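# Understanding the architecture of this molecule
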Amino acid sequence: MISISPSSTALLDRYLSASKKDELLALAADLGIDRQTALRLHHEYFDAVADAAWEDGIVTESERADLVLLAGLLGMDDTVLVAAFEPRLPRESPARATPTLAPAVRHGDLVCLTGDMQIAREDIVARLGRLGIGVHPGVTKKVKLLIAADPDSLPGKAKKARDYGIPVVSEDYLFTHLLKGEK
């Protein structure tokens, strides 16, 4: 598994907030990445995600939807998307790491919640607790992930999480990744 850096979390929940866009543009400028290089990197990332989807020999409906969404976020044209659905063998390249599609939130880790969630916070805390994931009331450096009802939120917990390099994801991510299959 590859490590999650602040720049690699921008597409983690497949929602590109205004603040994430600003962070990416600033990072690209700081690194001297021109438009052509950025497009190449987008294609490489998209290909790595497509390779991960094909790793077991099939692309599920969930993986298909994720690839369509990701292609839109990265500005891929239709030919790239069509090619992603062509059966392929996994690429053999030791230099190419398969992207982690979810942060490494494990049993014993802490997450933080912010905003008015779709379901009662007590229910979310209980469901995460059954998975061994603790919910901390505030953002500290020990928190692995901030789950925000509004990931575009700028003040408070979201700002502190961004300052610490903690990924800020949408509430949808909570249900589609962390609580997937948990009742």
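See above for the structure.
First, a word on scope: everything that follows refers to the structure included in this document. Owing to the predicted nature of the structure, the values given are computational and were not obtained by experimental measurement.

## Notes on the pairing of strand β3 (residues 143-148)
Of all 6 residues in β3, 5 are buried, a share of seventy percent or more. With 5 bridges connecting them, strand β1 (residues 110-114) and β3 associate as parallel partners. Across the sheet, valine 111 pairs through a bridge with leucine 145, a residue of β3. Summarising the sheet, β3 and strand β4 (residues 168-170) pair through 3 bridges and their orientation is parallel. Its bridge partner being in β4, leucine 146 is matched across the sheet by valine 168.

## Focus: the sheet that holds β3
Pairing is parallel across the open sheet formed by 4 strands, whose spatial order is β2-β1-β3-β4. In the strand order of this sheet, the two ends are held by β2 (134-136) and β4, each with one partner. On average, each strand axis in the sheet is tilted by 35° relative to the strand beside it, whichever way the strands run. With 3 bridges connecting them, β1 and β2 associate as parallel partners. Within β2, the position partnered with cysteine 112 by the bridge is histidine 136.

## Some thoughts on the pattern of salt bridges
The final tally for this structure, using the stated rule, is 2 salt bridges. A salt bridge links glutamate 44 to arginine 40; the shortest N-O distance between them is 2.9 Å. Within this pair, glutamate 44 and its partner arginine 40 are both found in helix α2 (residues 35-54), separated by 4 residues, close to a single helical turn. In this structure glutamate 44 comes out as partly exposed when scored by relative accessible area, which is 39%. In this structure, the salt-bridge partner of aspartate 163 is lysine 159, at a minimum N-O distance of 3.0 Å.

So, how was this worked out
Residues numbered from 1 in each chain as written. Predicted model: local features only at pLDDT ≥ 70, side-chain atom pairs only at ≥ 80, totals over all residues. Heavy atoms only, no water. Buried < 20%, exposed > 50% of the residue type's maximum accessible area, 1.4 Å probe, protein only. Helix = DSSP H or I, 4+ residues; strand = E, 2+ residues; numbered from the N terminus. Pairing = 2+ DSSP bridges. Axes fitted to C-alpha atoms, helices over the stretch in contact; angles between N-to-C directions. Salt bridge = Lys/Arg side-chain N within 4 Å of Asp/Glu carboxyl O.

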